[in-house]
Amino acid sequence: MTETPLISVKDLSIRFRTDEGLITAVEDVSFDLAPGEVLGLVGESGSGKSVTAKALMRLNGDNTVYGEGSSIVLTPPGEAPVDVLALRREKDMRRVRGGAISMIFQEPMASFAPAISVGDQMVEQLQIHSSMTKAEAKELSIEMLARTGIPEPARRFTQYAFEFSGGMRQRAMIAMALSTKPRLLIADEPTTALDVTIQAQVIDLMKDLVTEFGMGILFITHDLGVIAQTADRVAVMYLGRLVETGTVREVIRNPGHPYTRGLIDALPKLHDLDAPLTPVPGDIPSPLNRPPGCVFHTRCHMAEKGLCDVKVPEYRIRETGQSIACHFADAPVTAKEPA
Amino acid sequence: MTDPVISARDLTVSYTLGRGLLGAKTQLHAVDGISLDIEKGSFFGLVGESGSGKTTLGRALLKAAPITGGSVEYRDEEVSHDLRDLSGAALKDYRKRAQLIFQDPYAALSPRMTVRDIIAEPLEVMGLTKSRAETDERVREIAGRCRLNLEHLRRFPHAFSGGQRQRISIARALVSGPRFIVADESVAALDVSIQADVLNLLRAIQQDMGISFLFISHDLSVVAHTCDHVAVMYLGRLVETAPTRSLFARPLHPYTSALLSAIPSLDPDETSQADKLEGEIPSPTAPPPGCKFHTRCRFARDACKRDVPQLRELAPGHRVACHFTEEFDFSRAPAVAPRRADATA
């Protein structure tokens, strides 16, 4: 890719200081996201996907320790690169939070203040991130509500979040997140709490908006079906590590990592009702005792003693560009250093 | 056909809301004249969007929501109960025989009780065991079925993952020896791999112990995989009910077909635009007249706005409430078409 990535994450490690000591949440995660690209981030609860996403906006709590050598570089098209992890002052972070990057969450009810009208919240954030007057901000907000398919936007503008239905709240949140014209949208399980019919509407809406605004989306979900229908590329996370990255087609049709395979086998499939549902055996280990070697070896049917429980697998890269962190992947290891 | 364990006729659950402007009380019909039979030992799926009344229906069948009209009869090998007038000792007896598994395994378990106490509580409250030793034995037996070991029983719920907690909830529901269980969105909050595990466990319980399930879910692919029979609900009414295979092979109601096509396909090249539903489910306080689905139905005609469609049996066990279903063929809806052979090759 010759294009400068919108966001470039290199060797990101995140630990949290807790009473029980330092807990590793994310370890050596690297990925790029190009402008206009939708990258899906998939994994079970506890895999570190939300922590990774929040790091892009520095939203993790005060007890967060970023590993040495971690870097997150944000390069909005036409602007100077920002080293996100080097930001120290709140004022500088504000350029990133809600400015270059917006985020939408799983539970829209929890994301709106209950006692302030939806409209006032939309206007407030526009005034923080732009030089708009109140009237201009109101006009744009109503326009954005209309764009996301909310009927009677002018009336809805004056209402409170509790007066909205679930699907409408999610639309309003998308409208709010997009009104500042962010370069990157982080969508953390935006459709998980919605009915399938509303989910389909929200997915269509997001697709349209990517085409229209040309922004990049980091789409976090545990639903591979949603990823298949929205993302260009997908990154699969397990216990803080990326185990597989590649284009959606390649990863879903030809998964290289046993964990990715396991996630796909666990999904109920409509076209084959007789296929048994195969759970990934065991539970995800506690981050307090991360397995040594390959983090997945405790649940992996291919795990080999003396190898997988000792040695961290390097990324093997297929011709298709699919990168797989497994000792047994059918692809050569590429040296980290340029040959 | 075996005997139904639950048999509902014209079941109505309505709530009276506060007075409107003109002083008239509004009635909300959460469940509006539903008739269904749940066969003994079957896994009966109930699907629909939020607001369709599926949870209320499930609770009414457990006599946990007020039955305002119609009748529900429960029958097993030993007793039969008419749920409408159930009270006192008979109601207690029914509580033992019919149980509920909740959606959120984080909220359903008391954080201050050990797992052993959580599972034992129904036995103690209902007085089903005579001694502590007997209780312990029963708890251990059920915990073992749900793959919880003795070590687990001593701990508190916070030490468990979502999947393990759901297994604890299942054990608690099973301990009184129920013959009928309502599982309300019991896997909705779980990760896919854990979801598969819990579904397999529920299926095993149904098969080994002969318990009948009402499995409430908004996820059609989960229902397709676990249930024998499916009923689709919309705004308090059943729009379609059929054996699972029949329903998924040939949905007869436009709403069922739309629900099916809304499921995101795992194949990135398979996009189904054809049947997507516009808008949202109307408020149950002001349901549309005629066929309640007509406001979102792309096939709706004048008759749909006027006449309420009744369930008609069009194939063995396959009933649908649509005036014009014979004129459409939803079986070509892309989401349920057999996967093309080249897709995985």
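Residues numbered from 1 in each chain as written. Chains lettered and ligands numbered in written order. Predicted model: local features only at pLDDT ≥ 70, side-chain atom pairs only at ≥ 80, totals over all residues. Heavy atoms only, no water.

What follows concerns the overall build of chain A. A count of helices and strands for chain A gives eleven helices and 13 strands. For 339 residues, the compact-globule formula gives about 20 Å, and the C-alpha radius of gyration of chain A, at 21 Å, lands near that figure. C-alpha extents for chain A along the principal axes are approximately 65 × 50 × 45 Å. Counting only residues that meet the buried cut, chain A has 56% of its 339 residues in that class. Counted over contacts in chain A with a minimum sequence separation of 6, partners at least 24 positions apart contribute 62%. (Helix = DSSP H or I, 4+ residues; strand = E, 2+ residues; numbered from the N terminus. Rg over C-alpha atoms; globule rule 2.2 N^0.38 Å. Buried < 20%, exposed > 50% of the residue type's maximum accessible area, 1.4 Å probe, protein only. Contact = heavy atoms within 4.5 Å.)

Attention now goes to helix α6 (residues 162-174) of chain B. All names here are of chain B. Between its first and last C-alpha, α6 extends 18 Å over 13 residues, near the 18 Å set by a 1.5 Å rise per residue. Most of α6 is tucked away, with twelve of its 13 residues classed as buried. Taken together, the buried positions of α6 are Gly162, Gly163, Gln164, Arg165, Gln166, Arg167, Ile168, Ser169, Ile170, Ala171, Ala173 and Leu174. In this fold, the buried residues of α6 make contact with β6 (98-101), α3 (115-126), α4 (132-145), α5 (150-154), β7 (180-184) and α7 (192-209). (Expected span 1.5 Å × (residues − 1).)

All names here are of chain B. Turning to α3, its buried residues number three or more, namely Val115, Arg116, Ile118, Ile119, Ala120, Pro122 and Leu123. Against the buried residues of α3 lie α4, α5 and α6. Positive phi appears at glycine 127, one or two residues downstream of α3, with a value of about 60°.

Moving on: the domain arrangement of chain B. Residue and element names in this part refer to chain B. Domain boundaries assigned for chain B yield domain 1 (1-110 + 170-234) and domain 2 (249-345). With 16 residues of domain 1 at the contact, the number on the domain 2 side is 15 residues. At the boundary of domain 1 with domain 2, total buried surface from both sides reaches about 1,300 Å², with 65% on carbon and sulfur atoms. Across the salt bridge formed by arginine 296 and glutamate 49, the nearest N and O atoms sit 2.9 Å from each other. Linking domain 1 to domain 2 there are four residue pairs in polar contact (both at pLDDT 80 or more). (Domains from an automatic or database assignment. Buried area = accessible area lost by both parts, 1.4 Å probe. Salt bridge = Lys/Arg side-chain N within 4 Å of Asp/Glu carboxyl O. Polar contact = N/O pair within 3.5 Å; in protein donor to acceptor, adjacent residues only side chain to side chain.)

It is worth spelling out the side chain of threonine 148 of chain A at this point. Residues and elements named next belong to chain A. Here threonine 148 is to be found in the loop between α5 (134-147) and α6 (153-157). Judged by relative accessible area, which is 1%, threonine 148 ranks as buried. At 2.9 Å, the side chain of threonine 148 forms a polar contact with the backbone oxygen of leucine 145. Excluding residues that lie within four positions of it along the chain, threonine 148 makes contacts with Arg171, Ile174, Ala175 and Leu205.

For the rest of this paragraph, the subject is the state of the cysteines. Throughout this description, disulfide means a covalent bond between two cysteine sulfur atoms. All names here are of chain B. Enumeration over the complete set of coordinates arrives at zero disulfides over all chains. Looking at the unpaired cysteine 227, the closest cysteine sulfur is the one in cysteine 146, lying at 18 Å. Cysteine cysteine 297 is unpaired, with the sulfur of cysteine 304 as its nearest cysteine sulfur at 6.3 Å. Classification of cysteine 297 as buried rests on a relative accessible area of 16%. (Disulfide = S-S within 2.5 Å.)

Right, let's get into the sheet that holds strand β13 (residues 323-324) of chain A. Residues and elements named next belong to chain A. Strand order in the open sheet formed by eight strands is β7-β8-β9-β3-β10-β11-β13-β12, with mixed pairing between adjacent strands. Each having just a single partner strand, β7 (101-104) and β12 (316-317) make up the two edges of the open sheet. In this fold helix α7 (residues 166-179) packs onto β7 and β8 (184-188), with an angle of close to 175° to the strand it touches most, β7. In the packing of helix α8 (residues 196-213) onto the sheet, contacts are made with β3 (38-42), β7, β8 and β9 (216-221), and the angle to β9 comes to roughly 160°. (Pairing = 2+ DSSP bridges. Axes fitted to C-alpha atoms, helices over the stretch in contact; angles between N-to-C directions.)

Here we come to the packing of aromatic side chains. Aromatic ring pairs are described here by two measures, namely the spacing of the ring centres and the angle between the planes. Residues and elements named next belong to chain A. Under the criterion given, the structure shown has ten aromatic pairs over all chains. Pairing tyrosine 238 with phenylalanine 296 gives two aromatic rings, centres 5.0 Å apart and planes at 85°, and the pair type is edge-to-face. Of this pair, tyrosine 238 sits in strand β10 (residues 233-238) while phenylalanine 296 sits in the loop between α11 (258-266) and β12, and the two are 58 residues apart along the sequence. Phenylalanine 296 carries the same exposure label as tyrosine 238, and that label is buried. These aromatic residues form a ring-pair network of at least three members: Tyr238, Tyr259 and Phe296. (Phe/Tyr/Trp six-rings, centres within 6.5 Å; stacked < 30°, edge-to-face > 60°.)

Moving on: the nonpolar core. Core analysis: the largest hydrophobic core is formed by 70 residues, its most contacted members being Ile119, Ile170, Phe213, Phe215 and Phe248 of chain B. In terms of domain composition, this core takes at least three residues from each of domain 1 (1-110 + 170-234) and domain 2 (249-345) of chain B. The next biggest cluster of nonpolar side chains, apart from the first, holds 62 residues, and it includes Leu145, Ala172, Ile203 and Val234 of chain A. (Core = buried A, V, L, I, M, F, W, Y, C linked by side-chain atoms within 4.5 Å.)

Moving on: the interface of chain A and chain B. For an interface, size is often stated in terms of accessible area lost upon the parts coming together. With 43 residues of chain A at the contact, the number on the chain B side is 47 residues. In total, about 3,800 Å² of surface goes out of reach between chain A and chain B, with carbon and sulfur atoms giving 56% of it. For chain A, the biggest contributors to the area lost against chain B are Arg253, Leu270 and Leu273 of chain A; these three give 18% of the whole. At the junction of chain A with chain B, the criterion picks out four salt bridges. Here arginine 249 of chain A makes a salt bridge to aspartate 269 of chain B, at a shortest N to O gap of 2.4 Å.

Model confidence for chain B is summarised by a mean pLDDT of 87, while 92% of its residues fall at 70 or above. Every residue in residues 333-345 of chain B scores below 50 in pLDDT, and together they form 21 contacts with partners more than four places removed in sequence or on other chains. (pLDDT = per-residue confidence, 0-100.)

Here we come to the pairing of β3 of chain A. The element β3 of chain A is largely enclosed, with a buried count of five among its five residues. Going residue by residue along β3 of chain A, you find Val38, Gly40 and Val42 of chain A tucked away on one face and Leu39 and Leu41 of chain A tucked away on the opposite face as well.

Turning our eyes to something else, we now look at the sheet that holds β7 of chain B. All names here are of chain B. The sheet built from eight strands is open, its strands ordered β6-β7-β8-β3-β9-β10-β12-β11 with mixed pairing. Strands at the two margins of the open sheet, each flanked by one partner only, are β6 and β11 (312-315). On average, each strand axis in the sheet is tilted by 20° relative to the strand beside it, whichever way the strands run. Taken together, the three bridges between β11 and strand β12 (residues 318-320) define a ladder with antiparallel strand orientation. Across the sheet, the residue bridging to alanine 315 is histidine 318, located in β12. Along the sheet face, α6 touches β6 and β7 and points at about 170° away from the line of β6.

Residue and element names in this part refer to chain A. Within the secondary structure, alanine 137 sits in helix α5. Taking the C-alpha atoms as reference points, alanine 137 and alanine 115, 22 residues apart in sequence, are found 20 Å from one another. Beyond its immediate chain neighbours, meaning those up to four positions away, alanine 137 contacts Val123, Leu126 and Met132.

Next up on the list: the packing of α3 of chain B against α4 of chain B. All names here are of chain B. Between α3 and α4, the least distance of the axes is 10 Å, while the angle of their chain directions is 120°. Considering their axes alone, α3 and α4 lie oblique with respect to each other. Seen along the crossing, α3 lies across α4 with a hand that is right-handed. Where α3 approaches α4, its residues Arg116, Ile119, Ala120, Leu123 and Glu124 are matched on the opposing element by Arg132, Thr135, Asp136, Arg138, Val139 and Ala143. Across the contact of α3 with α4, the residue classes break down as five nonpolar, one polar and five charged. (Parallel < 35°, antiparallel > 145°, perpendicular 65-115°, else oblique. Left-handed = near helix turned anticlockwise from the far one by under 90°. Nonpolar A, V, L, I, M, F, W, Y, C, P; charged D, E, K, R; others polar.)

Right, let's talk about the pattern of salt bridges for a bit. Two side chains carrying opposite charge are able to pair once their charged atoms lie near each other. Residues and elements named next belong to chain B. Summed over the entire model, instances satisfying the criterion amount to 41 salt bridges over all chains. Among the salt bridges present, the one from glutamate 327 reaches arginine 301, with a minimum N-O distance of 2.6 Å. Within this pair, whereas glutamate 327 is found in the segment after β12, its partner arginine 301 is found in the loop between α10 (254-261) and α11 (302-306), the two being separated by 26 residues in sequence. Take arginine 301: its relative accessible area is 34%, and that puts it in the partly exposed class. Overlapping salt bridges bring together Asp76, Glu78, Asp93, Lys96 and Arg97 as one network.

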